[in-house]
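Below, each chain spelled out in residue letters.
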Amino acid sequence: MAETKLQNFFEQAKTFVSAANQYLPKNNQLFFSGDIFTGKAGNPEILFLSINPGFLQSDWDEYQKFLSKSNVTEFMLKPCKYIMEYKRNAKLATKIADVILNNDITKYDNCGETYIKSFFATPDEATLNKQLSLLPSNLQQQHQKMMQEYQKFILETIQPKHIICIGMTVFNQVKNVLKITNQDITDNTYATTAGNNRVFYKVAKYNDIHIHGMLHLSGAHIATVAIDNITNIFKELI
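Calculation notes
Residues numbered from 1 in each chain as written. Predicted model: local features only at pLDDT ≥ 70, side-chain atom pairs only at ≥ 80, totals over all residues. Heavy atoms only, no water. Pairing = 2+ DSSP bridges. Helix = DSSP H or I, 4+ residues; strand = E, 2+ residues; numbered from the N terminus. Contact = heavy atoms within 4.5 Å. Axes fitted to C-alpha atoms, helices over the stretch in contact; angles between N-to-C directions. Disulfide = S-S within 2.5 Å. Buried < 20%, exposed > 50% of the residue type's maximum accessible area, 1.4 Å probe, protein only. Expected span 1.5 Å × (residues − 1). Arc of directions from axis to C-beta. Phe/Tyr/Trp six-rings, centres within 6.5 Å; stacked < 30°, edge-to-face > 60°. Salt bridge = Lys/Arg side-chain N within 4 Å of Asp/Glu carboxyl O. Parallel < 35°, antiparallel > 145°, perpendicular 65-115°, else oblique. Left-handed = near helix turned anticlockwise from the far one by under 90°. Nonpolar A, V, L, I, M, F, W, Y, C, P; charged D, E, K, R; others polar. Polar contact = N/O pair within 3.5 Å; in protein donor to acceptor, adjacent residues only side chain to side chain.

Visitor: Just give me the short version of the sheet that holds strand E4 (residues 162-166), but keep the residues and values in it.
Guide: Pairing is mixed across the open sheet formed by 7 strands, whose spatial order is E1-E3-E2-E4-E7-E6-E5. The open sheet has two edge strands with one neighbour each: strand E1 (38-39) and strand E5 (186-191). Each of strand E2 (46-50), strand E3 (111-115), E4, strand E6 (197-206) and strand E7 (209-214) touches helix H6 (residues 137-158); the most contacted strand, E3, lies at about 165° to it. Running over the sheet, helix H8 (residues 224-237) touches E4, E5, E6 and E7 and is turned about 25° from E6.

This is the structure we're talking about:
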């Protein structure tokens, strides 16, 4: 059932990108790899949630020069993308294994990975926002409706035990989608060397799903104390 619905979202995204790119400049086209979801699609222990698929800034301009329809593939449910990225020693996948999975990469087999805002890959959210803003209002509304339906699908059909938001921005978007109030969120802080308290981790519960927010693990300036605290939290949970 989950795979059938994922294929339907894939087809929607595939149709959308063809229509949308007719309105975008040749050097700023939407990119759809075909991977809207990777990993376990039914009741995973963890669902990793990002804004949209990433794309290396260093490759973006080259991709735009040689854009072709070959980037749209047929639907196939692949293993969690962080498995291959871990094998390539990618920073985020390695940090997730170290900090969240307690260095047990076999736990990736019981994980899923997907996106809350868009299926289309960009180097950053600002690029995505600019692309979407250039589309006619009917296409912007179509994209928004597609993603709202997908958000509902994640909660009602995928039903993970834990949703781990990659970055506080994602957590805040999930909070808004689910209408989670600040009173329902538990903040964890640490004291900086300047004596300030900085939030490094948030958690809320939606029905039986735990929603976790934390500093982006591939960020360059996460304090060691924050990493250590997040590690200790997930040792008790996962």
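That shown, we press on.
Visitor: Outline the state of the cysteines, supporting the account with residue identities and numerical values.
Guide: Following the criterion strictly, the structure yields 0 disulfides and no others. Left unpaired, Cys80 is separated from the closest cysteine sulfur, that of Cys111, by 5.8 Å. Since its relative accessible area comes to 2%, Cys80 is described here as buried.

Visitor: Provide a residue-level description of H8, including the pertinent values.
Guide: Under the 1.5 Å per step criterion, the end-to-end length of H8 is 20 Å for 14 residues, consistent within 8% with the ideal 20 Å. For H8, every residue scored as buried is listed here: Ala226, Ile227, Ile230, Thr231, Ile233 and Phe234. Looking straight down H8, one finds that the buried residues subtend no more than 165° of arc, so they occupy a single side. In H8, the exposed residues that point more than 90 degrees away from the buried face are Thr224 and Glu236. Packing partners of the buried residues in H8 comprise helix H4 (91-99), E4, E5, E6 and E7.

Visitor: Describe the packing of aromatic side chains, with residues and values.
Guide: This structure, assessed with the given rule, holds 13 aromatic pairs. Ring geometry for Phe9 and Phe153: centres 5.5 Å apart, planes at 50°, overall tilted. Taken as a pair, Phe9 in helix H1 (residues 2-20) and Phe153 in helix H6 lie far apart in primary sequence, 144 residues in all. On the basis of relative accessible area, Phe9 is assigned to the buried category, the value being 6%. Phe153 gets classed as buried once you look at its relative accessible area, which sits at 4%. For the pair Phe16 and Phe120, a centre-to-centre distance of 5.7 Å together with 20° between the ring planes defines the contact as stacked. With a gap of 104 residues between them, Phe16 in helix H1 and Phe120 in the loop between E3 and helix H5 (125-133) connect regions that are remote in the sequence. For the pair Phe16 and Phe120, one class covers both residues: buried. Within the aromatic cluster, the residues linked to one another by ring pairs are Phe10, Phe16, Phe32, Phe75 and Phe120.

Visitor: Tell me about the pattern of salt bridges, residues and numbers included.
Guide: Per the counting criterion, the structure on display carries 6 salt bridges. With a shortest N-O distance of 3.4 Å, Lys78 and Asp35 are connected by a salt bridge. Separated by 43 residues along the polypeptide, Lys78 in the loop between helix H2 (57-65) and helix H3 (81-87) and Asp35 in the loop between H1 and E1 bring together distant segments of the chain.

Visitor: I'd like to hear about the packing of H1 against H6, residue by residue, with values.
Guide: Following both chains from N to C, one finds H1 and H6 inclined at 165°, their axes separated by 11 Å at the closest point. Comparing the axis directions of H1 and H6 gives the class roughly antiparallel. Viewed along their axes, H1 and H6 form a crossing whose handedness is left-handed. Residues Ala2, Lys5, Leu6, Phe9, Gln12, Ala13, Phe16, Ala19 and Ala20 of H1 lie in contact with H6, whose contacting residues are Leu139, Gln142, His143, Met146, Glu149, Tyr150, Phe153, Thr157 and Ile158. Class assignment for the residues of the contact of H1 with H6 results in 12 nonpolar, 4 polar and 2 charged.

Visitor: Before we move on, can you summarise the pairing of E4 with the specific residues and values?
Guide: With respect to burial, E4 is a largely interior element, 5 of its 5 residues being buried. Neither face of E4 is open: one carries His162, Ile164 and Ile166, the other Ile163 and Cys165, and all of them are buried. By the bridge criterion, 4 bridges tie E2 to E4 in an arrangement that is parallel. Counterpart to Ile46 in the pairing with E4 is His162.

Visitor: Which residues make up the side chain of Gln29, and what values go with them?
Guide: Considering the arrangement of structural elements, one finds Gln29 in the loop between H1 and E1. Within the structure, the side chain of Gln29 is placed 2.9 Å from the backbone oxygen of Leu24, a separation counted as a polar contact.

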